[in-house]
Amino acid sequence: MGRLGPFEPCPEIAVACSGGADSMALTVFAAAWARRRGGRAIGLIVDHGLRVDSAAEASLVRQRLEGLGITAHILRWTGGKPATGIQQAAREARYKLMERWCRRHAILHLAVGHHLEDQAETVLHRTERSSGADGLAGMAPIRETASIRLLRPLLDTPRDRLRGMLRSRRIDWVEDPSNLNPAYARARLRAMAPELAEAGRGPAAVAGEARISAEARQQRDIETADALARFATLYPQGYATLDRPFFAENGPDIARRGLNALLCAIGGRIYPVRSDPLDSLYKTILKQSFTGKRTLSGCLIQVASDHVLIAREAGRISAIAIREGEEILWDRRFRVRVHKRGAAAPLRQFRLAPLDPRLLAEIGCEAALARAKVLPSAVRPSLPALYDRRGLVAVPHLGYGRAARNTASVRADIVFLPVRSASFAVFPVV
C-alpha cells in the first residue's frame, strides 16, 4: 500500500469485495493496514442481480466481513440488463456504483483485488487481440478518475499466497462459477496455464514483460501529456481544439496518441479508438492542404487551416430521463445533478437531451442566443439541455433557465467530466 500513496493521515479506503478469495484477502489486508494508521477499510459488495441466489450471496459476504470487524455495504445493480455483452456491462455498472458510493461518502481510494495471475491474463488476452504497445503494459497499479484513486496493491502477489493466508486464518470465500466457464476468455487462459508455464509464459514472466512495457508506456505518456498541454484546449461545453502545428512538431506515435485521447474524451469512450481509422484520420489531417469535416468515434472533426475542432456528434447522443435530486453521468461525458425545489414539493421528471438550437430563437432569450453564437456551430447541437412536456426548461452552459416565478423553473449543475480523461495521466510504475 505504501507504494500507492500518498494517503491522508487516517486513511479511509473502500475495497471492492465480491466474496472471492482475492477480494476477501485484499479486504482483510487493507483493513489491518488502515487500522494501524487510525483509519478503516470498508467493503463494497455489488449485487448484480444476474443469478437467483445473488442477493443471498451478497448478504453472506457482508456477514463474513462484519464477523471480521469490517464494515460492509451492498450496492445493487437495478434496472434492465443487456442481452449481449453482459460481462462488460456488469463490470461498467459495478465500477459506476462503487465510484458513486465513494464520491457520496468522500472516500478517495478504491482498492481492487487484481493479482499476479490477473495481470498476466490481461497481458496475454491483449496480446491475443493485438491491443498494441500500450495494452502490453497491463493493468495500472494506480488509476485516477475524476472522483477516486483506483488502487491495485496485489498485482505482484500470486493467487496461491492470498488463498494460503485465508486458509491459515480460517476465512471462507465464495467461488465464482464464471471463473471456470470456457465461454469467457479469461477462463480459457486459466485452463492453458500449465502449457503457458512450460513454454516460459508463466504469470511471473508475463508480468515481468508487462513492467518493461509499462516503463516504455510511461515515457510515451509523459511526452503525450506535454504535447497536449502545449497544443490542445478543452472547453467546459464538452469540445476541444488542437492547434494544427501539433501534428508537424510531434512524431507520429505521440500525435496519434494525443488525437486518440481527445477523441475518447469528447466521444465519451472508455477504450481507445481502433488503430486503422485513427491512422486514416491522422494522415488526412497531416496533409496541410486539407480542410473539411470527418467523423470518427462519435466525434465530428472539423479541420481548419490553423486548428482542428473536435466536437461530439449530436446525432449519436441518447436522451435519458432524470428526476429532481438525482445525479447521473450523461453520454459518459457530463455529470448532471438536478436540485430539488424543497422537501414538500413533489419530485419532477425531466428529459436530458442535446439542445435543439432552434428553440432558443423561438423562446427569444437574447442573452442565451448571444452566448450560443460565441460557440462553434458544431458544438451547439451537442450541449446538454433539460426538457419537460412544455419544451425547453434549461441550458446551463448558456445560462438559460425558465424564470424563477415560473413553477417549472429548475436548477441544474452540469460539469464536463468524461469517463476517459484527455489529460492523459501518466501510466504509473511502482
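Residues numbered from 1 in each chain as written. Predicted model: local features only at pLDDT ≥ 70, side-chain atom pairs only at ≥ 80, totals over all residues. Heavy atoms only, no water.

Asks: Describe in detail the pattern of salt bridges, supporting the description with residues and values.
Replies: Applying the stated rule across the entire model yields 23 salt bridges. Between glutamate 12 and arginine 40 there is a salt bridge, and its shortest N-O distance comes to 2.8 Å. Placement of glutamate 12 in strand β1 (residues 12-16) and of arginine 40 in strand β2 (residues 40-47) is noted, with a sequence separation of 28 residues between them. Residue class for glutamate 12 comes out partly exposed when judged on its relative accessible area of 26%. (Salt bridge = Lys/Arg side-chain N within 4 Å of Asp/Glu carboxyl O. Helix = DSSP H or I, 4+ residues; strand = E, 2+ residues; numbered from the N terminus. Buried < 20%, exposed > 50% of the residue type's maximum accessible area, 1.4 Å probe, protein only.)

Asks: Outline helix α2 (residues 54-67), supporting the account with residue identities and numerical values.
Replies: Here α2 contains 14 residues, and its C-alpha end-to-end distance of 20 Å stays within 8% of the 20 Å for a straight helix at 1.5 Å per residue. Among the residues making up α2, those that are buried are Ser54, Ala58, Val61 and Leu65. Burial along α2 is one-sided: seen end-on, the buried residues are contained in an arc of 60°. Turned more than 90 degrees off the buried face of α2, the exposed positions are Ala56, Gln63 and Gly67. Next to the buried residues of α2 lie α1 (21-36), β2 and β3 (71-76). Immediately downstream of α2, the backbone of glycine 69 shows phi near 80°, a positive value. (Expected span 1.5 Å × (residues − 1). Arc of directions from axis to C-beta. Contact = heavy atoms within 4.5 Å.)

Asks: Please give an account of the nonpolar core that cites residues and values.
Replies: Within soluble globular proteins, side chains that are nonpolar generally end up buried alongside one another. Among the nonpolar cores identified, the biggest contains 45 residues, and Phe247, Leu259, Leu263 and Leu386 are the most heavily contacted of them. Among the elements that line this core, the one with the most residues is helix α10 (residues 252-267), at nine residues. In contact with leucine 263, not counting residues within four places along its chain, are Val273, Leu278, Leu281, Leu296, Ser297, Cys299, Ile301 and Ile310. Ranked by size, the runner-up nonpolar core spans 31 residues in total, among them Leu4, Met24, Leu26 and Met165. (Core = buried A, V, L, I, M, F, W, Y, C linked by side-chain atoms within 4.5 Å.)

Asks: Would you mind going over the packing of helix α8 (residues 203-231) against α10 in detail, with residue names and values included?
Replies: Between α8 and α10, whose axes approach to 9 Å, the crossing angle comes to 70°. On the basis of their axis angle, the class for α8 and α10 is roughly perpendicular. Facing α8, whose interface residues are Arg217, Arg220, Asp221, Glu223, Thr224, Ala227 and Leu228, α10 presents Asp253, Ile254, Arg257, Gly258, Ala261 and Leu262. Residue composition of the contact of α8 with α10, grouped by class: five nonpolar, two polar and six charged. (Axes fitted to C-alpha atoms, helices over the stretch in contact; angles between N-to-C directions. Parallel < 35°, antiparallel > 145°, perpendicular 65-115°, else oblique. Nonpolar A, V, L, I, M, F, W, Y, C, P; charged D, E, K, R; others polar.)

Asks: Give a detailed account of the sheet that holds strand β8 (residues 239-243), specifying residues and quantitative values.
Replies: Taken in spatial order, the five strands make up an open sheet running β7-β8-β11-β10-β9, and their pairing is antiparallel. Where the open sheet ends on each side, the last strands, each with one partner, are β7 (232-235) and β9 (292-296). For this sheet the average axis-to-axis angle between neighbouring strands, irrespective of direction, equals 20°. Strand direction decides the pairing type here: β8 and strand β11 (residues 307-312), joined by four bridges, are antiparallel. (Pairing = 2+ DSSP bridges.)

Asks: Break down the layout of surface pockets for me, with residues and values.
Replies: In this structure, the second largest pocket spans a volume of roughly 320 Å³. Going through the elements one at a time, α4 (116-128) and α8 are the ones with two or more residues in the lining of the second largest pocket. Looking at the lining of the second largest pocket, the element that brings in the most residues is α8, giving five residues. Across the lining of the second largest pocket, the residue classes break down as 15 nonpolar, two polar and four charged. (1 Å grid on protein atoms, 1.4 Å probe; cavity = no way out; pocket = protein on both sides within 12 Å on 5 of 7 lines; lining within 4 Å. Points joined across faces, edges and corners; volume = space filled by probe spheres on them.)

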